[in-house]
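Residues per chain are reported as follows:
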Amino acid sequence: GHKCSIFICGGSQYKSPKVAKTIIEEHYFNIKADVNFLEDPKTFNVEANALVCTSYDTCYYGVSVEFFQNIFYFVQDYEPDFFPIGTFHFLAKETYNFGFDCITNGKWMAEKVESAGGKCVGYFQQAFDPNYYYPPQKRIFKKNKKYKIAAYVRFGTPRRLSEMIIYSLNILHNERADFEVFFFGDNSMSINPVFTYRNLGILSHKELGNLYRSCEVGCVFSGTNYSLIPIEMMAAGLPVLELDGKNIRSTFQSETIILAKPNPLEIKDKISNLLDNYELRRSVSERAQDFVSQYSWEKSARVVESLFIETIQKKHDLC
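Residues numbered from 1 in each chain as written. Predicted model: local features only at pLDDT ≥ 70, side-chain atom pairs only at ≥ 80, totals over all residues. Heavy atoms only, no water.

Caption draft 1: Examining the overall build of the protein more closely. The secondary structure content of the protein amounts to eleven helices and twelve strands. A compact globule built from 319 residues would reach a C-alpha radius of gyration of about 20 Å, and the protein, at 22 Å, matches this within 12%. The principal-axis extent of the C-alpha atoms belonging to the protein is close to 65 × 35 × 35 Å. Every one of the 319 residues in the protein was classed for burial, and the buried ones make up 46%. Carbon and sulfur atoms form 50% of the exposed surface of the protein, whose accessible area is close to 16,900 Å². (Helix = DSSP H or I, 4+ residues; strand = E, 2+ residues; numbered from the N terminus. Rg over C-alpha atoms; globule rule 2.2 N^0.38 Å. Buried < 20%, exposed > 50% of the residue type's maximum accessible area, 1.4 Å probe, protein only. Areas by Shrake-Rupley, 256 points an atom, 1.4 Å probe, with all protein chains shown as cover.)

This is how it looks when you write it as structure tokens:
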């Protein structure tokens, strides 16, 4: 029931907005929104109830355009930590002081925005698609001759700690060889593991669901905001190992996930314990499934919608 327009800031690698929209729909899903290019903020002339910035660089367009209604900042992650301490780190951090109404991905991100001086009007939770992420009809928790581990790697994204996962598994291989690792998320490996593995590359939702249902342990690390992947793994009944940090603890209940400090020896020990302790895997799996059952993309979308409407209405009332 809302009319939306998308502006790709700074131009695009594609020849026209029409081509860009086609690419979006080919790789994601059909959208009813118009797609436009915005290279010069001075050319922005749009009548709307709200303007939404979606990354730190778009915020600099947000403060440069002539727009007198609500400006929102849809904050998905703590972008200053995407960069070394330098120009882009500080440019990203400064955006929280622009006075925009921030809607964040999760509670931890809301706290980070406010601690950096930003104004947060609310947050939403990531969810999962039950058409792809559901548990197997019967998952058997037992000792195996060969355990399967699903591990997310993305070497071009340092916050995913891909190297840490491989270092830990290399050490584990020195103690036991009864596991095989199925990597996904990156089409190439920058480190050669010493253990048995397969790199499945970038997978579809259907392929990911099938992978999670076939493995004993899921391993995904998030150095900044929490990832969508643990929720999808949990929905598929896969016990998850994540980094022990406030970002994860503020998102998941302690009995629904196994946590390890960013130390290869501790990560190795936690994986080994999960492989040996099938009752632990069972309890974590069952509690995690119950925990994520409260989430849906429909609910999260309605939360975001209500935050937009309530914030806009509040400004109108004050005027």
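Caption draft 2: Representation of the side chain of Gln126. Mapped onto the elements, Gln126 comes out in the loop between strand S6 (119-124) and strand S7 (147-152). On the accessibility criterion, Gln126 (11% relative accessible area) is buried.

Caption draft 3: A look at the sheet that holds strand S5 (residues 101-105). Pairing in this open sheet of four strands is parallel, and the strands run S3-S4-S5-S6 from one edge to the other. The open sheet has two edge strands, strand S3 (50-53) and S6, and neither has a second partner. Mean inter-strand twist for the sheet, computed between neighbouring axes without regard to direction, equals 25 degrees. In terms of strand pairing, S3 meets strand S4 (residues 70-75) through four bridges, oriented parallel. Counterpart to Cys53 in the pairing with S4 is Tyr73. (Pairing = 2+ DSSP bridges. Axes fitted to C-alpha atoms, helices over the stretch in contact; angles between N-to-C directions.)

Caption draft 4: Summary view of the pairing of S4. When you tally the buried positions in S4, you get five out of six residues, the bulk of the element. In terms of handedness, the path from S3 via helix H2 (residues 56-62) over to S4 forms a crossover that is right-handed. Looking at chain direction, S4 and S5 are connected through four bridges and run parallel. The residue bridging Tyr73 from the neighbouring strand is Cys102, located in S5. The parallel pair S4 and S5, bridged by helix H3 (residues 87-94), forms a crossover whose chirality is right-handed. (Right-handed = clockwise from strand over helix to strand, strands pointing away.)

Caption draft 5: Spotlight on the sheet that holds strand S11 (residues 240-243). The parallel open sheet is built from six strands, whose spatial order is S9-S8-S7-S10-S11-S12. The sheet terminates laterally at strand S9 (197-199) and strand S12 (258-260), the two strands that pair on one side only. Here the strands of the sheet are splayed against their neighbours by 25 degrees on average, with no regard to which way each runs. Taken together, the three bridges between strand S8 (residues 179-184) and S9 define a ladder with parallel strand orientation. Pairing of Val181 across the sheet is with Tyr197, part of S9. In this fold helix H9 (residues 264-276) packs onto S7, S8, strand S10 (217-219), S11 and S12, with an angle of close to 155 degrees to the strand it touches most, S12. (Contact = heavy atoms within 4.5 Å.)

Caption draft 6: Spotlight on helix H10 (residues 278-292). When the terminal C-alpha atoms of H10 are compared, their 21 Å separation across 15 residues agrees well with the 21 Å that a helix rising 1.5 Å per residue should span. Turning to H10, its buried residues number three or more, namely Arg281, Val284, Ser285, Ala288, Phe291 and Val292. One side of H10 holds all its buried residues, which, seen down the axis, span an arc of 130 degrees. Looking at the buried residues of H10, the elements they touch are S7, S10, helix H7 (229-235), S12 and H9. (Expected span 1.5 Å × (residues − 1). Arc of directions from axis to C-beta.)

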